[in-house]
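This is what each chain is made of:
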Amino acid sequence: MSQRQRMGQPMIILGEDSQRVKDRDAQSYNIQAARAVAESVRSTLGPKGMDKMLVSSMGDVTVTNDGVTILQEMDIDNPTAEMIIEVAETQEDEAGDGTTTAVAVAGELLKNAEDLLEQDIHPSAIIKGFHMASEQAREEVDDIAERVDTDDEALLRKVAETSMTGKGAELNKEVLGKLIVDAVRAVTVEGPDGENVVDLDFINIETQTGRAAGESELLEGAAIDKDPAHPDMPSDVEDAKVLLVNEPVEIEETDADASLSLDSPDQLQSFLDQEEEQLKKKVQQIVDTGANVVFCQKGIDDLAQHYLAKEGILAVRRAKKSDLKFLKEVLGARVVSDLDSAKESDLGHGSVTRDEADELFYVEGAGDDTHGVTLLLRGSTDHVVDELERGITDALDVVAATVSDGRVVAGGGAIEVEVARRLRSYADSVEGREQLAVEAFADSLELIPRILAENAGLDSIDTLVDLRAAHEDGQKRAGLNVFSGEVEDTFEAGVVEPAHAKEQALSSATEAANLVLKIDDIIAAGDLSTAGGDDEGGAPGGAPGGMGGMGGMGGMM
Ligand code: ADP
Ligand code: MG
């Protein structure tokens, strides 16, 4: 760049259609968008939280109470809002539960940050204060957390039940809680240092509609929702030698463009013979391995099905990729991708049993190298089992976290109020404006008991006053039990959560809030206002704080 260019007019580097919002306007814009996301899940928090019905553009309906599912299914097209959704996703990946909590706290942090910005406190002081508070809060959670016996089945069931409360799974929480704890224990092994290692990949969830959720079961091995490829095949194989293959047992396609010109009936016959030979060869390769059961991820040609049936082999075609992966663990088998190289040592051993009523195969492994259990979830309709499954996966995660980590805290807002109390005294030791941010952080945590009360139809201010008093009084486990409506020892009442999920929720919420606060300049290639719609909160001119895709959901917030 030449000297002359640099000294001239400010250089215009943005396209004509692009839009730019700066400083406080940018912050307000972003904060409004982030808060709108947080508002949208708020009413689902806790046992008395309500569900949402989401209808996709294809008309598919999802009824759920699960924070991350709601945010993912909502058609949101605002970039800031998407950053908040990532919080929920991180929380889901890292902890499996607590997504609504993380998003709600992130929204509240930003709301309180906005007040500080209005008092002319620089964003970098807020960011620093939030960061300090979050670190301190994690330490406090660890200090407050109780170390429990990871073999304590009753406690683990409470953890599972707390996670399921308010979800579709709740009505059957005793039955399901036991299944979940049994499942996690079935896949727990001792690590090198004597610690518990839980591998949730060894738990498969299979859903079945038609029966009551209370009839759900835990099975050794796998349940495969498939039929035999051919009616003449055996349906039960006691001493099963199972081949898993992800190559089609079909005629290999000739080049799509190649056309075949046949001049005589003889030629046609020889062509067909050739095809038949090819199929026979593939079936023979299977027979040669010694397999009497085949799970194929791809198709199996009709003729090959017939030959396999004649050989007395049970074959299943178009098995799900995930089922094959799981069967591999259950049977200690290998997945073969080329029949030419299939051999006996690729086979897995066990038994295959047909459940005619449910149209399932139960596959159990034999031998030492087998892992895996299946949670067979039942429910009357698709919507019921889908929501059941979401609740169950959360519960599996929290029980697994408790088994491997051994630290739990009292729920119902108890942990949040205690951490807030401790943060306020920590704030006294913090110099400068960061102190205000630490205090704002403490206030933000108290949002959780406030919403729990609100969603239960209780007075949130009274509840918070009672909670604070109890904690001042040294009752660390005082929380709101929404069923009794009382402030009490929620740990005793069975509302128990893993400490790990709480720590993660604090970190993810803080990171998201800080990410938003750091932005002081929004440069959009298109028109920012097209993403607008909802002007609530007085977002600055030209940059409404609305969220495009959420316009139609105004009633929810
Ligand atoms: P998240 O997506 O954050 O997990 P949930 O809707 O699952 O949201 O609600 C979790 C919150 O509900 C936690 O703060 C937990 O302590 C609280 N909770 C669970 N059971 C009870 C109960 N019986 N009384 C009060 N709060 C409860
Ligand atoms: Mg939850």
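Here is what the cut-offs are and how they apply
- Residues numbered from 1 in each chain as written.
- Chains lettered and ligands numbered in written order.
- Predicted model: local features only at pLDDT ≥ 70, side-chain atom pairs only at ≥ 80, totals over all residues.
- Heavy atoms only, no water.
- UniProt positions renumbered as here; feature names shortened; annotations may be inferred.
- Pairing = 2+ DSSP bridges.
- Helix = DSSP H or I, 4+ residues; strand = E, 2+ residues; numbered from the N terminus.
- Contact = heavy atoms within 4.5 Å.
- Axes fitted to C-alpha atoms, helices over the stretch in contact; angles between N-to-C directions.
- Parallel < 35°, antiparallel > 145°, perpendicular 65-115°, else oblique.
- Nonpolar A, V, L, I, M, F, W, Y, C, P; charged D, E, K, R; others polar.
- Left-handed = near helix turned anticlockwise from the far one by under 90°.
- Patch = residues over 30% accessible without salt bridge, like charges linked within 9 Å, V, L, I, M, F, W, Y side chains within 5 Å.
- Areas by Shrake-Rupley, 256 points an atom, 1.4 Å probe, with all protein chains shown as cover.
- Salt bridge = Lys/Arg side-chain N within 4 Å of Asp/Glu carboxyl O.
- Lys, Arg positive; Asp, Glu negative; His and termini not counted.
- Charge placed at Lys NZ, Arg CZ, Asp CG, Glu CD.
- Buried < 20%, exposed > 50% of the residue type's maximum accessible area, 1.4 Å probe, protein only.
- Core = buried A, V, L, I, M, F, W, Y, C linked by side-chain atoms within 4.5 Å.
- Phe/Tyr/Trp six-rings, centres within 6.5 Å; stacked < 30°, edge-to-face > 60°.
- Lys NZ or Arg CZ within 6 Å of the ring centre and 35° of its normal.

- An unreviewed UniProt entry lists the protein chain under the name Thermosome subunit beta, from Halomarina rubra.
- Database annotation for the protein chain, UniProt heading Sequence similarities (unreviewed entry): "Belongs to the TCP-1 chaperonin family."

1. Brief notes about the sheet that holds strand β20 (residues 496-498)
Here is step 1 of the chain: With antiparallel pairing, 3 strands are arranged side by side in an open sheet as β4-β17-β20. In this open sheet, the two edge strands, each paired with only one partner strand, are β4 (146-147) and β20.
Here is step 2 of the chain: As paired strands, β4 and strand β17 (residues 407-410) are joined by 2 bridges and run antiparallel to one another. Opposite Glu 146, over in β17, you have Val 408 as the bridge partner.
Here is step 3 of the chain: Along the sheet, helix α7 (residues 153-164) makes contact with β17 and β20, crossing β20 at roughly 90°.

2. As for the packing of helix α13 (residues 414-427) against helix α14 (residues 434-445)
Here is step 1 of the chain: For the pair α13 and α14, the least separation of the axes is 8 Å and the interaxial angle reads 170°. For the element pair α13 / α14, the angle class is roughly antiparallel. Contacts from Glu 416, Val 419, Ala 420, Leu 423, Arg 424, Tyr 426 and Ala 427 of α13 reach α14 at Gln 435, Val 438, Glu 439, Phe 441, Ala 442, Asp 443 and Leu 445.
Here is step 2 of the chain: Broken down by class, the residue content of the contact of α13 with α14 amounts to 9 nonpolar, 1 polar and 4 charged.

3. Some details on the packing of helix α9 (residues 265-289) against helix α10 (residues 302-310)
Here is step 1 of the chain: The contact between α9 and α10 brings their axes to 9 Å, and the two run at 40°. The pairing of α9 with α10 is recorded here as oblique in orientation. As for the relative orientation of α9 and α10, their crossing is right-handed in sense. On the side of α9, the interface is formed by Glu 276, Leu 279, Lys 280, Val 283 and Ile 286, while α10 contributes Leu 303, Ala 304, Tyr 307 and Leu 308.

4. Section: a positive patch on the surface
Here is step 1 of the chain: Together, Lys 298, Arg 317, Arg 318, Lys 321, Lys 325 and Lys 328 make up a positively charged patch on the protein surface.
Here is step 2 of the chain: Relative to the assigned elements, Arg 318 resides in the loop between β12 (314-316) and α11 (321-331).
Here is step 3 of the chain: Since its relative accessible area comes to 45%, Arg 318 is described here as partly exposed.

5. What about the nonpolar core?
Here is step 1 of the chain: Judged by nonpolar contacts, the single largest core of 66 residues is most densely connected at Ile 126, Phe 130, Leu 423, Phe 441 and Leu 517.
Here is step 2 of the chain: The element best represented in this core is helix α5 (residues 99-118), accounting for 10 residues.
Here is step 3 of the chain: In this structure, Leu 517 is in contact with Gln 27, Ile 31, Leu 110, Ala 113, Leu 117, Pro 123, Ile 126, Ile 127 and Phe 130, ignoring residues within four places of it in sequence.
Here is step 4 of the chain: Ranked by size, the runner-up nonpolar core spans 42 residues in total, among them Ala 222, Val 293, Ala 304 and Leu 347.

6. Describing the packing of aromatic side chains
Here is step 1 of the chain: All told, the structure shown has 1 aromatic pair when counted by the stated rule.
Here is step 2 of the chain: Consider the rings of Phe 130 and Phe 441, whose centres lie 6.1 Å apart with planes at 65°: the pair is edge-to-face. Of the two residues, Phe 130 sits in helix α6 (residues 123-144) while Phe 441 sits in helix α14, which places them 311 residues apart along the sequence.
Here is step 3 of the chain: Using a relative accessible area of 0% as the deciding quantity, one classes Phe 130 as buried.
Here is step 4 of the chain: Against the face of Phe 361 rests Arg 354, its NZ or CZ located 4.5 Å from the ring centre.

7. Here's the deal with the sheet that holds strand β16 (residues 373-379)
Here is step 1 of the chain: Sheet architecture is open: 3 strands sit in the order β7-β16-β8, paired in mixed fashion. The outermost strands of the open sheet, each flanked by one partner alone, are β7 (203-209) and β8 (217-220). Shown here is a sheet whose adjacent strand axes are inclined to one another by a mean of 25°, direction ignored.
Here is step 2 of the chain: Of the strand pairs in this sheet, β7 and β16 are connected by 7 bridges, and their pairing is parallel. Residue pairing across strands places Thr 209 opposite Gly 379, the latter belonging to β16.
Here is step 3 of the chain: Against the sheet, helix α8 (residues 173-186) touches β7, β8 and β16, its axis set at about 165° to β16.

8. Side note on the pattern of salt bridges
Here is step 1 of the chain: Per the counting criterion, the structure on display carries 36 salt bridges.
Here is step 2 of the chain: Put simply, Glu 416 and Lys 502 hold a salt bridge, and the shortest N to O gap is 2.9 Å. With a gap of 86 residues between them, Glu 416 in helix α13 and Lys 502 in helix α17 (residues 499-517) connect regions that are remote in the sequence. As far as burial versus exposure is concerned, Glu 416 and Lys 502 are alike and both buried.
Here is step 3 of the chain: For Arg 421, the salt bridge is made with Glu 418, and the minimal N-O distance between the two is 3.0 Å. Here the residue Arg 421 and the residue Glu 418 both occupy positions in helix α13, the gap between them amounting to 3 residues, near one helical turn.
Here is step 4 of the chain: A network of salt bridges, in which partner residues are shared, links Glu 140, Asp 143, Glu 418, Arg 421 and Arg 422.

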